[in-house]
Amino acid sequence: MRLVIFGPPGAGKGTQARLLEERRGITQISTGDILRAALEEETPLGQKAKSYVESGELVPDELVRKLAEQAIADEGYDDFVLDGYPRTQQQAEWLTKFLEEHEAPLDAVVSLEVPDEVLVRRLSRRRIHDETGETYHLDHNPPPDDVDPDLIVQRSDDEPETVRNRLAVYREETEPLASYYERQDALVSVDGVGNIEEVFQRIERVLGASERPA
Ligand code: AMP
C-alpha cells in the first residue's frame, strides 16, 4: 500500500509507521529520521538542515522533496508509508505529481487525531534510542531493562520551547493539508489517543476498508 501518515508532532506517526513496516512489510519513509541521521553524520545535507531541525522550523521544501522522492524510488513505488512528509502545500502538490508520473497514487492518508494537551505531555516524556532511533515514552512505553540507559536520550527538538514552535508551525503550514487530501477523497481519520496497540488496530481497520483489490 502507498500511505501517508499525517498528524501533529507527538501524534504517534513514527511509532505507527514502524509497526506498519514490522507487521505489514510497508517501508517506513521518515524525512525526520533521514534528516537526523544526516545531522549526526554531518553530511552536507545535515549541515544545511541543522539550524532548521534544531529550532523546530521546516527545512526548505526543495531539500526534503529530493529525500522523499529518492526514498520512494528506492523502495519501488509500491509499499511505503510516508511519515512526516508532506508538510507543506508545495510538498503535497509535488508528491501528487511525482506519484502520478509513476502511476502510483496514494491509497490513503491516515490522519492521527490527538488533542494538544496530550501532544505536549507525550513529547515531554518521549525519549529515543540514540543509535536505532527507536522511540519510547517514559510512562507508557519505557525502554527495556537490557538497553543501555546512556543511549536513551531526549531529542533536542522535544524541549518545551521547541515543541511549542513545532506545534505552531504544524498548525500554520501542515494542518491545512488535511483539507487538500479530503478534497482528493484520500483522508481517513483515526483517533490517536490510547495505547500503541489500540491505535494500530484502528489504523488496520480503516486500511482494511481502503485496500486496493489484488
Ligand atoms: P519529525 O521527526 O518528522 O518530527 O521531523 C523533525 C524535523 O525535521 C522537523 O521539525 C523539521 O525541521 C524537519 N523535517 C522533517 N520532515 C520535514 C518536511 N517534510 N518538511 C520540512 N521539514 C521537515
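Scroll up a little and you will see the structure.
Residues numbered from 1 in each chain as written. Predicted model: local features only at pLDDT ≥ 70, side-chain atom pairs only at ≥ 80, totals over all residues. Heavy atoms only, no water.

J.: How should I be thinking about the sheet that holds strand E7 (residues 152–153) in this particular structure?
T.: To summarise the sheet geometry, strands pair through backbone hydrogen bonds and adopt either a parallel or an antiparallel arrangement. In spatial order, the strands read E6-E5-E7; together these 3 strands make up an open sheet with antiparallel pairing. Looking at which strands have only one partner, the edges of the open sheet turn out to be strand E6 (135–137) and E7. Bridge analysis of strand E5 (residues 126–129) against E7 gives 2 bridges, and the strand direction is antiparallel. Opposite His 129, over in E7, you have Ile 152 as the bridge partner. Across the sheet, helix H6 (residues 116–124) touches E5 and E6, and the angle it forms with E5 is around 40°. (Pairing = 2+ DSSP bridges. Helix = DSSP H or I, 4+ residues; strand = E, 2+ residues; numbered from the N terminus. Contact = heavy atoms within 4.5 Å. Axes fitted to C-alpha atoms, helices over the stretch in contact; angles between N-to-C directions.)

J.: Explanation requested: the packing of aromatic side chains in the structure shown.
T.: In this description, an aromatic ring pair is defined by two values, namely the gap between the centres and the angle between the planes. In this structure the tally under the stated criterion is 3 aromatic pairs. Arranged with centres 5.9 Å apart and planes meeting at 40°, the rings of Tyr 77 and Phe 98 form a pair that is tilted. Residue Tyr 77 is found in the loop between helix H4 (61–75) and strand E3 (80–83), and its partner Phe 98 is found in helix H5 (residues 89–101); the two are separated by 21 residues along the sequence. Here the aromatic rings of Tyr 180 and Tyr 181 are separated by 5.1 Å at their centres, their planes lie at 75°, and the arrangement is edge-to-face. (Phe/Tyr/Trp six-rings, centres within 6.5 Å; stacked < 30°, edge-to-face > 60°.)

J.: Would you take a moment to explain the layout of surface pockets for this structure?
T.: Roughly 200 Å³ of internal volume is contained in the second largest pocket. Considering the residues around the second largest pocket, the lining is formed by Leu 95, Thr 96, Leu 99, Glu 100, Ala 104, Pro 105, Leu 106, Asp 107, Tyr 181, Gln 184, Asp 185 and Ala 186. Among the elements that take part in the lining of the second largest pocket, H5 stands out by supplying 4 residues, more than any other. Residues that form the lining of the second largest pocket fall into these classes: 7 nonpolar, 2 polar and 3 charged. (1 Å grid on protein atoms, 1.4 Å probe; cavity = no way out; pocket = protein on both sides within 12 Å on 5 of 7 lines; lining within 4 Å. Points joined across faces, edges and corners; volume = space filled by probe spheres on them. Nonpolar A, V, L, I, M, F, W, Y, C, P; charged D, E, K, R; others polar.)

J.: What exactly am I supposed to notice about the sheet that holds strand E2 (residues 27–30) here?
T.: Judged by pairing direction, the sheet is parallel, and its 5 strands sit side by side in the order E2-E3-E1-E4-E8 without closing on themselves. Looking at strand neighbours, the two that pair on one side only are E2 and strand E8 (187–191), the edges of this open sheet. Averaged over all pairs of adjacent strands, the angle between their axes in this sheet comes to 25°, without regard to strand direction. Pairing between strand E1 (residues 2–6) and E3: 4 bridges, direction parallel. Bridge pairing in E3 links Arg 2 to Phe 80.

J.: Any chance you could explain the site of the ligand here in plain terms?
T.: Around the ligand, the surrounding shell holds 17 residues, and the nearest of these are Thr 31, Arg 36, Glu 57, Gly 84 and Gln 91. Protein chains bury 96% of the 480 Å² of accessible surface belonging to the ligand in isolation. Every element with two or more residues in the shell around the ligand is listed here: helix H2 (31–41) and helix H3 (44–55). Ranked by residues supplied to the shell around the ligand, first place goes to H2 with 4 residues. Residue classes in the shell around the ligand are distributed as 7 nonpolar, 4 polar and 6 charged. (Near = heavy atom within 4 Å. Areas by Shrake-Rupley, 256 points an atom, 1.4 Å probe, with all protein chains shown as cover.)

J.: Can you walk me through the nonpolar core in this structure?
T.: Soluble, globular proteins show a tendency: their nonpolar side chains are buried together. Leu 95 and Tyr 181 are the most contacted members of the largest nonpolar core, which totals 33 residues. Those elements that provide at least two residues to this core are E1, H2, H3, H4, E3, H5 and helix H8 (177–183). Ranked by residue count, the leading element in this core is H4, at 6 residues. What Tyr 181 contacts, discounting residues up to four positions off in sequence, is Pro 86, Ala 92, Leu 95, Leu 106, Val 109, Ala 186 and Leu 187. Within the second largest apolar cluster, 23 residues are counted, among which are Ala 11, Leu 19, Val 163 and Val 199. (Core = buried A, V, L, I, M, F, W, Y, C linked by side-chain atoms within 4.5 Å. Buried < 20%, exposed > 50% of the residue type's maximum accessible area, 1.4 Å probe, protein only.)

J.: I keep staring at the pattern of salt bridges and nothing clicks. Help me out?
T.: Should their charged atoms come close, side chains of opposite charge can pair. For the structure shown, the criterion picks out 16 salt bridges. Between Asp 78 and Arg 2 there is a salt bridge, with the nearest N and O atoms lying 2.7 Å from each other. Of the two residues, Asp 78 sits in the loop between H4 and E3 while Arg 2 sits in strand E1, which places them 76 residues apart along the sequence. The class for Asp 78 is partly exposed, based on a relative accessible area of 39%. (Salt bridge = Lys/Arg side-chain N within 4 Å of Asp/Glu carboxyl O.)

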